[in-house]
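# Descriptive structure summary
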Amino acid sequence: MASSGSGNSAIRHGLGQISSAAGRLRSYGAFWLKAFSQETIDLTLRTHTGLQTRIVESPGLSLAQPDLDALVADLRTVAGKTLPAGSLTYGIFSGKRERLSRAIVTLIREEATGRPIAFNALSVMSVELDGEEQEVTHLGLVMVDPDVQGQGLSWVLYGLTTLVLFARDGFRPKWISNVTQVPSVFGMVCDTFSDVYPSADAGARQSFAHLQLARGIMRHHRAVFGVGDDAGFDEGRFVITDAYTGGSDALKKTWDAAPKHRDEQYNAFCLRELDYARGDDVLQLGRVDLAGARRYLQREVPAGSMPALLAASAVLALQRLVLPVMHWMDDTRAFGTLRPRGSGR
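From a predicted model like this one, the values you see are computed outputs, not experimental measurements. (Residues numbered from 1 in each chain as written. Predicted model: local features only at pLDDT ≥ 70, side-chain atom pairs only at ≥ 80, totals over all residues. Heavy atoms only, no water.)

### As for empty space enclosed by the protein
Tallied over the full model, the rule gives one cavity of 30 Å³ or more. What the largest cavity holds in volume is close to 50 Å³. Contributing to the lining of the largest cavity are Gly159, Thr162, Leu163, Thr192, Phe193, Val288, Gly292, Ala293 and Tyr296. Among the elements of the structure, helix H5 (154-168) and helix H9 (290-299) are those that each provide at least two residues to the lining of the largest cavity. A per-class count over the lining of the largest cavity returns five nonpolar, four polar and no charged. (1 Å grid on protein atoms, 1.4 Å probe; cavity = no way out; pocket = protein on both sides within 12 Å on 5 of 7 lines; lining within 4 Å. Points joined across faces, edges and corners; volume = space filled by probe spheres on them. Helix = DSSP H or I, 4+ residues; strand = E, 2+ residues; numbered from the N terminus. Nonpolar A, V, L, I, M, F, W, Y, C, P; charged D, E, K, R; others polar.)

Here's what the structure looks like:
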């Protein structure tokens, strides 16, 4: 027969679990409320046990100089664990406010020590599409301290920030771009986002929108991903030839060193299309939309996470019930063929 002491212990343990779950829900609730309300995002969220994730939008505009210097130092600390000192000079590593004003930085650090261990640096590019300026979010550079690789950080580094931006923008589809020679990253983009080109999917097709955006990016935004003016671009395959000539030389990988995807079709695509000795990259374009957000929540976010399940339910509810009303009532932005009030079009 179980003793009353062990029964009380089980009750206390159960209450503790409920309290812990409630705390996580409050944390996630506060996170999303801030994401919707802030003009420029600066959010901190506990995404893993013992780890904190900070998302900072446009740090070059929003942070005071000491805070900006500290952020750049943290990014360089992580980069320094995998690359030679001083080997990266482009984009966010330059420390220039102009570069950092268009960046969105996701930084993961240890709670106990404050040590930075991983980051993702997105960039927002303005590109013309059908005669109008369109924002394209470039997925940017991801780096993880080798000492902590394999701890399940990829769902934060590759998707959380784009999901926040998508939600904050009223769940309107957003264009994303990605430049890589790494099969695991190439496949992640194909699996996560919608309407991706190029892709290993036999049904993937290059639309005129893809082509317009690619031309605009290669014409005006090469510096965002460290590609020099002398690098070529194959418009048929969206392959950047001899890409590592604009400050990103230290990121060039051999085929053997490039991390592979668990799905062999993505590895085969990269091996077939890219010349690793020369240093080619593939430029991918796609969109984050409700279908992509749902795939991300179901495939990438750790299974069994209550906040993830609640978020998935919210996405489905928005898709079925709320989203059309939100878009219809907002007369300041385009919705399909409808134009904003006062646009004159």
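Now, onward.
### Focus on the side chain of Ser58
By secondary structure assignment, the location of Ser58 is in the loop between strand E2 (51-57) and helix H2 (59-62). Residue Ser58 is classed as buried on the basis of its relative accessible area, which comes to 11%. Discounting chain neighbours no more than four positions away, the residues touching Ser58 are Leu100, Ser101 and Ala103. (Buried < 20%, exposed > 50% of the residue type's maximum accessible area, 1.4 Å probe, protein only. Contact = heavy atoms within 4.5 Å.)

### Re the nonpolar core
Ranked by internal contacts, the top residues of the largest apolar core, which has 48 residues, are Ile108, Leu153 and Phe186. Looking at this core, the element that brings in the most residues is H5, giving nine residues. Not counting the four nearest positions on each side in its chain, Phe186 is found in contact with Thr180, Pro198, Ser199, Ala200, Tyr266, Phe269, Cys270, Val282 and Gln284. One finds Val105, Leu129, Leu213 and Ala214 within the second-largest nonpolar core, a separate group that totals 44 residues. (Core = buried A, V, L, I, M, F, W, Y, C linked by side-chain atoms within 4.5 Å.)

### What to know about unusual backbone geometry
Cis geometry is found at the peptide bond from Tyr197 to Pro198, where omega equals -5°. Mapped onto the fold, Pro198 is located in the loop between strand E7 (194-197) and helix H7 (208-220). Positive phi is not limited to glycine here, since Ser58 has a value of about 50°. One non-glycine residue with positive phi stands out, namely Asp242, at about 55°. Owing to a relative accessible area of 33%, Asp242 belongs among the partly exposed residues under this scheme.

### A short note on the environment of Ile176
Structurally, Ile176 is set in strand E6 (residues 174-180). Distance from Ile176 to Gly286, taken between C-alpha atoms, is 5.4 Å for residues 110 residues apart in sequence. If near-sequence neighbours (up to four positions away) are discounted, Ile176 is found in contact with Val136, Thr137, Leu139, Val189, Phe193, Gln284, Leu285, Gly286, Arg287 and Val288.

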